[in-house]
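# Breakdown of the fold
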Amino acid sequence: QVQLVESGGGLVQAGGSLRLSCAASGRIFSPNHMGWYRQAPGKQRELVAAIASGGNTNYADSVKGRFTISRDNAKNTVSLQMNSLKPEDTAVYYCRFTGLGTYWGQGTQVTVSS
């Protein structure tokens, strides 16, 4: 089992920044893949950004140039630096860990006011 603890969500004004963090603990296998997904009311959960243990990254087109994902393999953490936030970024953000299995965090609310 893998447990994921997220932090960093909150309320921010448009144009501002937030940094989300996710710490994985438990039975960590390598290689693995960590990422952030988000879900807004009435919409499907979508990939925001992901990063493999080898360092390759993938971003949704809507966040390219604004968000940066990073990880610390030694600490089993992943972070998402979100800059130039827009109201459209408002959603619940979920951390995901994939190794032998897939695990999800509880989600953290990000609200961007106009």
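Summary of the structure given here. (Residues numbered from 1 in each chain as written. Predicted model: local features only at pLDDT ≥ 70, side-chain atom pairs only at ≥ 80, totals over all residues. Heavy atoms only, no water.)

### A few points about the overall build of the protein chain
So the rule is basically this: Secondary structure follows DSSP: runs of H or I at least 4 residues long count as helices, runs of E at least 2 residues long count as strands, and numbering of each begins at the N terminus. Throughout, radius of gyration means the C-alpha value; the globule benchmark is 2.2 Å times the number of residues raised to the power 0.38. In this analysis, two residues are considered to be in contact whenever any of their non-hydrogen atoms come within 4.5 Å of each other. Residue burial considers only the protein chains on display, and all accessible areas are found by Shrake-Rupley using a 1.4 Å probe.
Assigned secondary structure in the protein chain consists of zero helices and 11 strands. Starting at the N terminus, the α and β elements of the protein chain follow one another as β-β-β-β-β-β-β-β-β-β-β. Since a compact globule built from 114 residues should have a radius of gyration of about 13 Å, the 13 Å found for the protein chain is in line with a globular shape. Long-range contacts, defined as pairs at least 24 residues apart, comprise 53% of the intrachain contacts of the protein chain with a sequence gap of at least 6. When the accessible surface of the protein chain is summed, it comes to about 5900 Å², and 48% of that surface belongs to carbon and sulfur atoms.

### With respect to the pairing of strand E3 (residues 18-26)
How we decide: Any two strands are treated as partners once DSSP identifies two or more bridges connecting them.
Of the pairings in the sheet, the one linking strand E1 (residues 2-7) to E3 comprises six bridges and is antiparallel in character. What sits directly across from Glu6, in E3, is Cys22. Here E3 pairs with strand E8 (residues 77-82) via six bridges, running antiparallel. Counted as the bridge partner of Ala23 is Thr77 from E8.

### Points about the environment of Ala91
When you line up the elements, Ala91 lands in strand E9 (residues 91-98). Note: C-alpha distance between Ala91 and Lys75 (16 residues apart in sequence) is 27 Å. Once residues lying within four places of it in the same chain are set aside, the contact partners of Ala91 are Arg38, Gln39, Ala40, Thr108, Gln109 and Val110.

### What about the sheet that holds E8?
Where we set the bar: Angular values range over 0 to 180 degrees, each being the angle between N-to-C directions of two axes fitted as lines to C-alpha atoms, with helices fitted over their stretch in contact.
Judged by pairing direction, the sheet is antiparallel, and its four strands sit side by side in the order E1-E3-E8-E7 without closing on themselves. Each edge of the open sheet is held by one strand with a lone partner, namely E1 and strand E7 (67-72). Shown here is a sheet whose adjacent strand axes are inclined to one another by a mean of 15°, direction ignored.

### Quick notes on the nonpolar core
The criterion, for reference: Joining through side-chain atoms within 4.5 Å is the link that ties buried Ala, Val, Leu, Ile, Met, Phe, Trp, Tyr and Cys residues into a set, and such a set is a nonpolar core. Burial classes: relative accessible area under 20% of the type maximum marks a residue as buried, over 50% as exposed, and values in between as partly exposed (1.4 Å probe, protein chains only).
Among the nonpolar cores identified, the biggest contains 28 residues, and Trp36, Leu80, Met82 and Tyr93 are the most heavily contacted of them. Counting residues per element, the ones that place at least two in this core are E1, E3, strand E4 (33-39), strand E5 (46-52), E7, E8, E9 and strand E11 (108-113). With residues up to four places along the chain from it excluded, the contact list for Met82 reads Gly16, Ser17, Leu18, Leu20, Arg66, Phe67, Tyr93 and Val110.

### Comments concerning the packing of aromatic side chains
Keep this limit in mind: Two aromatic rings from Phe, Tyr or Trp, using only the six-membered ring of Trp, form a pair when their centres are within 6.5 Å; if the ring planes differ by under 30 degrees the pair is stacked, by over 60 it is edge-to-face, and anything between is tilted. By definition, being over a ring means that NZ of Lys or CZ of Arg is both within 6 Å of the ring centre and within 35 degrees of the ring normal.
A full pass over the atoms with the stated rule returns one aromatic pair. Here the aromatic rings of Tyr37 and Trp104 are separated by 5.1 Å at their centres, their planes lie at 70°, and the arrangement is edge-to-face. With Tyr37 in strand E4 and Trp104 in strand E10 (residues 102-104), this pair connects stretches of sequence that are 67 residues apart. A relative accessible area of 14% places Tyr37 in the buried class. For Trp104, a relative accessible area of 37% corresponds to the partly exposed category. A cation over an aromatic ring shows up here: Arg45 above the ring of Tyr94, its NZ or CZ 3.8 Å from the ring centre. The lysine or arginine in question, Arg45, covers the ring of Trp104, its NZ or CZ lying 4.7 Å from the ring centre.

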